[in-house]
Amino acid sequence: MITKKKQINRFFLLATAPFLGLFLFMLFSFSSMHLEIDTAPYVPEQTLAKQTAELKQNLDKADQAVQVTISSIRKTSALYKQTTAAMNQIVNKAQTQAKRPEYIYNRKITSKLGTPFERIESDRIRLELYKVNPGVYRGYAMKVKLKDPKAMQMSLGLDQVGGSETTLRAVNRYGAVAGINAGGFADSGSKRYPLSTTVLNAEYVTGFEPSFKDLFFVGLNDNGKLIGGKFSEKAELDRLEPRFGATFVPVLLKNGQPMPIPEKWLVSPKRAPRTVIGNYKDDQLLIIVVDGYNENGSSGATLQELQSKLYGLGVIDAYNLDGGGSSSLIVNGKVVNHPSDGSLRPVPTHFLFYK
């Protein structure tokens, strides 16, 4: 009996084993599964619609704010442009007004010279040529506005002490637009040396020599201002910071007043071809070159005549440069004056002008 019960139990176990295993598998599988349940509260449809409406309203307000900001920026930009244009007009007007006295003064001095027959202008220089014909002599005036101080330089004959060349050759060799003869000279053997104190590139060519008798020094400083006079000590001239300059005789005007002309130079010679240089109060330069047929005193101008002419033209300071056969005026590669020697004379120093 016991044996039969055991057999039945075994049979039952074997028969239910698959179902038991399946049951256990499902039990473990369900216990490992993670079920997520939406715990968010339920929102009624009316509440959702209200929230949507509020959101749209806020977006509309934001869009309006953006449009206002953009409009404000455009108005500000337009106002800035208008303000800038107005300021530019004010600046331009102020500049024009500031230049007006200069313009009026230039018209005043130009009216005394007449109408230029030749004019050269660049961003560095303005150069105007006039005829001078008071009846007793004939010549040419060249009014120069140095916009760039370095538009005027001085050259040394053949670039060496003792060398000499014509002004035309110096102009061509340096590529200048105009040139005149400068200081006096002394001959020694076959050499032609500049007279007394001479400055080139801010250095003394042969050292400083105190002014004696009627000699003077004339040149330009770094600011393009004409400087000159008599100097007993080197320090006096150094204070004026000469960039270049040469020496001759005599001084004609100083600070707008005629200077006494030494008796010797009134008659030796009385008339002659002349080259003179001066400046106006606005630092424009005036150069007059007078024609003459010889150096015997019968043609050309006297120093008194030129002194009076320069004074009447409103020149402030004026100096007589080397004259006679040395007088030369070159513009645009042409000899403007009529040299008394019949041809240009080689000299050691030249004032050159650059376009």
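Parameters and conventions
Residues numbered from 1 in each chain as written. Predicted model: local features only at pLDDT ≥ 70, side-chain atom pairs only at ≥ 80, totals over all residues. Heavy atoms only, no water. Phe/Tyr/Trp six-rings, centres within 6.5 Å; stacked < 30°, edge-to-face > 60°. Helix = DSSP H or I, 4+ residues; strand = E, 2+ residues; numbered from the N terminus. Buried < 20%, exposed > 50% of the residue type's maximum accessible area, 1.4 Å probe, protein only. Lys NZ or Arg CZ within 6 Å of the ring centre and 35° of its normal. Contact = heavy atoms within 4.5 Å. Pairing = 2+ DSSP bridges. Axes fitted to C-alpha atoms, helices over the stretch in contact; angles between N-to-C directions.

Caption draft 1: Molecular detail of the packing of aromatic side chains. In total, this model carries five aromatic pairs according to the counting rule given. Ring geometry for Tyr105 and Tyr280: centres 6.5 Å apart, planes at 85°, overall edge-to-face. One end of the pair, Tyr105, is in helix H2 (residues 45-113); the other, Tyr280, is in the loop between strand E15 (274-279) and strand E16 (285-290), and 175 residues separate them in sequence. In this pair, the class of Tyr105 matches that of Tyr280, namely buried. Both rings, one in Phe216 and one in Tyr319, keep their centres 5.1 Å apart while their planes meet at 40°; by these two values the pair is tilted. Here Tyr319 lies in strand E17 (residues 317-321) and Phe216 lies in strand E10 (residues 216-221), a separation of 103 residues in the sequence. Of the two residues examined, Phe216 and Tyr319, each falls in the buried class. One cation-aromatic arrangement involves Lys131 over Phe117; the distance from NZ or CZ to the ring centre is 5.8 Å.

Caption draft 2: Structural context of the side chain of Ser122. Structurally, the position occupied by Ser122 is in the loop between strand E1 (118-121) and strand E2 (125-132). Not counting residues within four places of it along the chain, the set of residues in contact with Ser122 comprises Lys147 and Lys355.

Caption draft 3: View of the pairing of strand E13 (residues 251-254). As paired elements, E13 and E17 share two bridges and run antiparallel to each other. Pairing of Val251 across the sheet is with Tyr319, part of E17. Inspection of the sheet shows E13 paired to strand E14 (residues 257-258) by two bridges, in the antiparallel sense. From the neighbouring strand, Lys254 faces E14, where its bridge partner is Gln257. In textbook terms, the turn of a hairpin is the stretch between consecutive antiparallel strands, and for E13 and E14 this stretch comprises two residues, one of which, Asn255, has a positive phi near 55°.

Caption draft 4: Quick look at the sheet that holds E1. Read across the sheet, eight strands follow the order E1-E2-E3-E16-E15-E17-E13-E14 without closing on themselves; strand pairing throughout is antiparallel. Where the open sheet ends on each side, the last strands, each with one partner, are E1 and E14. Across the face of the sheet, helix H6 (residues 303-312) comes into contact with E2, E13, E14, E15, E16 and E17 while running at roughly 20° to E13.

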